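Architecture and fold: a report
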Amino acid sequence: MATRRTFSFLLQKSKSTSSLLLKKQLVVPVFSQTRRYITASVPRQLPAVPEPTTKISSRGNNQESHDNSRAAEIKDAKLIFNQAWKNIEDHYGRENIHLPREFIFLMGAPGSGKGTHTPSILRARGITNPPISVSQLLQTPECKELINQGQMISDRYVIELILHAMLDCDPTVGVLVDGFPRTDIQVEALKLLHDRMTELRREYWDTDRRDQYPRPVFRICVLYVDEEISVQRQLSRGRMIREHNAEVKKTGQGVLWDERVTDNDESLIRERYSIFKAHYGSLLKLSKMFPFHLINATGSIKEVLQIILKEFEYQSSLELDSDTFDSISHIPVANQIGIHARQDLISRLEHYQDIEPERLHKAIRFIDENVMPQVHRHSISGHANVRTEEPMMGDDNFAAIVMDVLSERGYHVSFDRRLHHVPVRVDLKTGKIELDTHHIYLLTVEYPKHYIRALEQKFN
């Protein structure tokens, strides 16, 4: 894979990176493959980041200090991202950068079931690219060499690794990134990536490469469980893995599962959760810019799955370009068009009875004589086509009454008009053909099928 081929290139870059970048430490707990587990629990209220409490007398100074810190943070993020992006452009060439359109950035508390629910998210969005796992990217020999040399893994290095992995994906479908962003720097870098992709789209808009630079769609998904549930799940997982491995060693049958050190030590588990809490505020900053899915993962796997599927349903307002959405948004959505259909149908039928009862009764007589015999004849199939040359069906209002009466009785009806031309005379001198035009009206009526079981099945 291209990601593997670029590690040596990244290693050389990292050795020459300034000490400022090396000090931007990324704390990444090591994750192995997640086993399925179910913990029955009552969903709890999702957390809110508490507002910092300060004395009124020092509020101005604190706000000024916060603004200065925020400005420095954004400046650092720009420097780091720009250097990582420059390395990418130098490596691939600007014109060869072809990134997917849809990105899902998945974060979660320890024990929230990211590994369990990732396949469901991918299926819900039709994503066939394998997920990009930051923890897996950092398990390479090159990364371990940096750690062994006493060097910290910088945000710039992590961002560059992820960009390489993104470019190694099939760009025609989306991609899920697991474990990014974590730090304030990475949150700002994510915004800069979106801006850079938008900039490339504008740059190549009038060229033959415009389809190579789609409008980026970023989604942030955070699976949340509170600390006690997180501790309970990880300890339970640790016990299950130990019991499984003990049985494999005893019988010699089966495959040993990887044991996580953190699943056996409650203090380490709580330390991992404190790291998640420390970065949680950074993640919430993204809710102001991108679609943000905060999912309560406290329930069972089935309960959480239903929440995920609901959250990731197609939403045109989020996924279409704003101009495209504005152009089509006046057209009612299909699942909303029938909300008041029943009430409207009743009003129309009452109107027919009050205002034009004679026409209503003619329509009912037409149904009795022309439609119902065909419906009865095709009762097993549940589908009848009624063709007629009845002149009254050429009247739009009469045809509407017929359809409304049938609809009220539970039939699904569609109506079509057709012209049928029949040759009646030919002028042998001129070759002109005289046609007789017939108006054919077609009613398609659908209703529940009637299933007939074979006689012997009734007694089995």
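Our structure's up above, just so we're on the same page.
What you are looking at is a predicted structure, and each value in this text was computed from that prediction instead of being measured. (Residues numbered from 1 in each chain as written. Predicted model: local features only at pLDDT ≥ 70, side-chain atom pairs only at ≥ 80, totals over all residues. Heavy atoms only, no water.)

Looking only at helices and strands, the chain features 19 helices and eight strands. Across the 460 residues in the chain, those meeting the buried criterion constitute 40%. Within the chain, residue pairs in contact and separated by at least 24 positions form 78% of the contacts whose partners lie at least 6 positions apart. Approximately 26800 Å² of the chain is accessible, and the part contributed by carbon and sulfur atoms is 52%. (Helix = DSSP H or I, 4+ residues; strand = E, 2+ residues; numbered from the N terminus. Buried < 20%, exposed > 50% of the residue type's maximum accessible area, 1.4 Å probe, protein only. Contact = heavy atoms within 4.5 Å. Areas by Shrake-Rupley, 256 points an atom, 1.4 Å probe, with all protein chains shown as cover.)

Turning next to the side chain of R219. Along the chain, R219 turns up in strand β4 (residues 217–224). At a separation of 2.9 Å, a polar atom in the side chain of R219 contacts the side chain of H293. (Polar contact = N/O pair within 3.5 Å; in protein donor to acceptor, adjacent residues only side chain to side chain.)

Here helix α16 (residues 341–355) is 15 residues long and its end C-alpha atoms lie 21 Å apart, about the 21 Å a rise of 1.5 Å per residue gives. Of all the residues in α16, the buried ones are L345, L349 and Y352. Seen along its axis, α16 keeps its buried residues to an arc of 55°; they face one direction. Opposite its buried face, α16 presents the exposed residues D354 and I355, each directed more than 90 degrees away. (Expected span 1.5 Å × (residues − 1). Arc of directions from axis to C-beta.)

So, about a nonpolar patch on the surface. Where nonpolar side chains cluster on the molecular surface, the patch consists of V426, L428, I433 and L435 and spans about 430 Å² of accessible area. With respect to the secondary-structure elements, I433 resides in strand β8 (residues 433–446). Given the relative accessible area of 48%, I433 is considered partly exposed. (Patch = residues over 30% accessible without salt bridge, like charges linked within 9 Å, V, L, I, M, F, W, Y side chains within 5 Å. Salt bridge = Lys/Arg side-chain N within 4 Å of Asp/Glu carboxyl O.)

Take the packing of aromatic side chains next. With the rule as written, the count across this model stands at 14 aromatic pairs. Measuring from centroid to centroid gives 5.3 Å for F105 and F218, while their planes differ by 65°, and the two rings are edge-to-face. Placement of F105 in strand β1 (residues 102–108) and of F218 in strand β4 is noted, with a sequence separation of 113 residues between them. With centroids separated by 6.2 Å and ring planes inclined at 45°, the aromatic side chains of Y224 and Y280 adopt a geometry described as tilted. With Y224 in strand β4 and Y280 in helix α11 (residues 266–284), this pair connects stretches of sequence that are 56 residues apart. On the accessibility criterion, Y224 (10% relative accessible area) is buried. Linked through ring pairs, F103, F105, F180, F218 and F290 together constitute an aromatic cluster. R210 extends its terminal NZ or CZ atom over the ring of W205, reaching a point 3.6 Å from the ring centre. (Phe/Tyr/Trp six-rings, centres within 6.5 Å; stacked < 30°, edge-to-face > 60°. Lys NZ or Arg CZ within 6 Å of the ring centre and 35° of its normal.)

Close approach of charged atoms allows side chains of opposite charge to pair. Summed over all chains, the structure comprises 24 salt bridges. Salt-bridge contacts for E203 lead to R94; the nearest nitrogen and oxygen are separated by 2.7 Å. Within this pair, whereas E203 is found in helix α9 (residues 184–203), its partner R94 is found in the loop between α4 (59–92) and β1, the two being separated by 109 residues in sequence. One salt-bridge network, in which partners are shared between bridges, spans E89, R94, R196, E199 and E203.

Here we come to unusual backbone geometry. Note the cis peptide between F180 and P181, where omega equals 0°. Within the secondary structure layout, P181 lies in the loop between β3 (175–178) and α9.

Any link to function would need more than the numbers given here.
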